[in-house]
Amino acid sequence: MKTRNPEGIAEAIRKAETVAVCSHIYPDGDTVGSALAMRLALQAMGKKVQVFCQHKVPDNLAFLPGAAEFRRPEENTDSFDLLLAVDVSDEGRLGSCIELKKRCAHTAQIDHHGTNPGYAEVNSIDGAASATCTMLRDHLKALGTELTADIAVCLYTGISTDTGNFSFDCTDAEAFDVMSDLMKTGLPIAQLSLRLFRERSKEQILLLGKAIGSLEFRADGRLAVMKLTKKDFEDCGALSEHADTLVNYGLETTGTQMALLGRESDDGKIKFSLRAREPYCVDGIAKRLGGGGHARASGVSMEGSLGETTETVAAEMLKGLN
Ligand code: 5GP
Ligand code: MN
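Residues numbered from 1 in each chain as written. Chains lettered and ligands numbered in written order. Predicted model: local features only at pLDDT ≥ 70, side-chain atom pairs only at ≥ 80, totals over all residues. Heavy atoms only, no water.

Enquirer: Mind laying out the sheet that holds strand S5 (residues 122-125), listing which residues take part and the relevant values?
Expert: Reading across from one edge, S2-S1-S3-S4-S5 is the order of the five strands in this open sheet, with parallel pairing throughout. Looking at the sheet topology across the chains shown, the edges are occupied by strand S2 (48-52) and S5. Between one strand axis and the next, the sheet turns through 20 degrees on average, direction left out of account. Contacts from helix H2 (residues 29-44) reach strand S1 (18-22), S2 and strand S3 (80-86) within the one sheet, and its direction differs from that of S2 by about 170 degrees. (Pairing = 2+ DSSP bridges. Helix = DSSP H or I, 4+ residues; strand = E, 2+ residues; numbered from the N terminus. Axes fitted to C-alpha atoms, helices over the stretch in contact; angles between N-to-C directions. Contact = heavy atoms within 4.5 Å.)

Set out below in structure tokens:
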């Protein structure tokens, strides 16, 4: 069941006239890029498409074609023939979009998380793929739709962000092979990579200062721990999205093998980002705590205080290091 299944997804899409494409909560470049690429491809096939997400698209992704078309489920009460989740590793990650299941006749999903249990009627899952956007090239081919310049911008965004701009160990030959196809559409890579990787908002820079200020090393520096409180976000005029890549700074110290960032989020829960360097893994740790993700990049949301939950996660990570 956990295989890439472009034909199965294409069949489900061909049978549908109306499709609700869903991104995961706290959306990132891969889930937003995937949803918007599918939106364009399905529109080219003459389908009626609506993209959904519980949370707003981060400001740094607002330039993507169709980004303004995202709706929360309560903002559009239509029924659909198909719910298509993209980059959504489990049903909990649909957030309030879970409600759409009641108004969709069928469900399908495309995802690259190894922890995905295969919750849809039709599943296309490849835990080895560098990004959901990487997988979409095969899916577009199966649909017989053209790889347009706008779709290429969406796919590049997902592939580049999930691979850490082609530097994480999930970066593989397929990522570059897909990139070769994207470049042939005239992809403005310099302009896009400046926007995605070399430019940060004032809020992000201020929040980086808070995160670094909170940095603690455990186990002789093998584990880096960072915390961001609600007040930190308020002081910086920042949103949760502005903390999205800060955990990586914890991993950048020589000798650090795992890093965690805990942040107090708007829903009252504490959202953790877990990262590891080879050969260590954090997906098992995240899964045990109720979350999931990839071997070197996972996450979990927990109930409790920032201090207590951080100690719980840190203790699990220390076990993982030993
Ligand atoms: P991040 O730390 O950047 O939010 O997430 C890292 C990876 O873990 C992403 O692939 C994300 O989809 C996944 N992830 C983050 N939080 C959760 C969670 O609460 N549950 C699950 N299943 N996956 C998560
Ligand atoms: Mn992804």
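Enquirer: Run through the pattern of salt bridges, naming residues and quoting values.
Expert: For the structure on display, the rule yields 22 salt bridges. Among the salt bridges present, the one from Asp 138 reaches Arg 4, with a minimum N-O distance of 3.0 Å. Residue Asp 138 is located in helix H3 (residues 132-143), and its partner Arg 4 is located in the segment before helix H1 (6-15); the two are separated by 134 residues in the primary sequence. Residue Asp 138 is classed as partly exposed on the basis of its relative accessible area, which comes to 25%. A salt bridge links Arg 263 to Asp 244, with the shortest nitrogen-to-oxygen separation between them at 3.0 Å. (Salt bridge = Lys/Arg side-chain N within 4 Å of Asp/Glu carboxyl O. Buried < 20%, exposed > 50% of the residue type's maximum accessible area, 1.4 Å probe, protein only.)

Enquirer: With reference to specific residues and values, describe the packing of aromatic side chains.
Expert: Scanning all chains against the criterion turns up two aromatic pairs. When the centroid spacing of 5.7 Å and the interplanar angle of 85 degrees are considered together, the rings of Phe 52 and Phe 80 count as edge-to-face. One end of the pair, Phe 52, is in strand S2; the other, Phe 80, is in strand S3, and 28 residues separate them in sequence. Take Phe 52 and Phe 80: they sit in the same class, and that class is buried. (Phe/Tyr/Trp six-rings, centres within 6.5 Å; stacked < 30°, edge-to-face > 60°.)

Enquirer: Quick one: what's the story with the site of ligand 1, residue by residue and with numbers?
Expert: In the vicinity of ligand 1 lie 16 residues, with Asp 90, His 113, Lys 271, Ser 273 and Arg 275 positioned nearest. At 2.8 Å from an oxygen atom of ligand 1 is found a side-chain nitrogen or oxygen belonging to His 113. In the model, an oxygen atom of ligand 1 is placed 3.3 Å from a nitrogen or oxygen of the His 294 side chain. Calculation on ligand 1 without its partners gives an accessible area of 500 Å², and the protein chains cover 88% of this total. Contributing elements (two or more residues each) for the shell around ligand 1: strand S9 (270-276), strand S10 (292-293) and strand S11 (297-302). Among the elements that take part in the shell around ligand 1, S11 stands out by supplying five residues, more than any other. Looking at side-chain class alone, the shell around ligand 1 contains two nonpolar, ten polar and four charged residues. (Near = heavy atom within 4 Å. Polar contact = N/O pair within 3.5 Å; in protein donor to acceptor, adjacent residues only side chain to side chain. Areas by Shrake-Rupley, 256 points an atom, 1.4 Å probe, with all protein chains shown as cover. Nonpolar A, V, L, I, M, F, W, Y, C, P; charged D, E, K, R; others polar.)

Enquirer: I'd like a rundown of the sheet that holds strand S8 (residues 258-264), residues and numbers included.
Expert: Overall, mixed pairing links the six strands, which are arranged S6-S7-S8-S9-S11-S10 in an open sheet. Both outer strands of the open sheet, strand S6 (216-218) and S10, are each paired with one neighbouring strand and no more. The sheet contact formed by S6 and strand S7 (residues 223-228) spans three bridges and is antiparallel. Along S7, the bridge assignment pairs Glu 216 with Val 225. Against the sheet, helix H7 (residues 202-214) engages S6 and S7, with an angle of about 130 degrees to S7. In the packing of helix H11 (residues 306-321) onto the sheet, contacts are made with S6, S7, S8, S9 and S11, and the angle to S8 comes to roughly 165 degrees.

Enquirer: Now, about the coordination of the manganese ion (ligand 2): what can you tell me, with residues and values included?
Expert: Looking at the manganese ion (ligand 2), one finds its protein donor set to be Asp 30 (OD), Asp 87 (OD), His 112 (NE2) and Asp 162 (OD), positioned 2.2 to 2.3 Å from the metal centre. Mapping the donors of the manganese ion (ligand 2) onto the primary sequence gives the spacing D-x56-D-x24-H-x49-D. Of the two residues, His 112 sits in the loop between strand S4 (104-111) and S5 while Asp 162 sits in helix H4 (residues 149-162), which places them 50 residues apart along the sequence. When its relative accessible area of 1% is taken as the criterion, His 112 is described as buried. When its relative accessible area of 16% is taken as the criterion, Asp 162 is described as buried. (Donors = N, O, S within 2.8 Å, 3.2 Å for Na, K, Ca; no water.)

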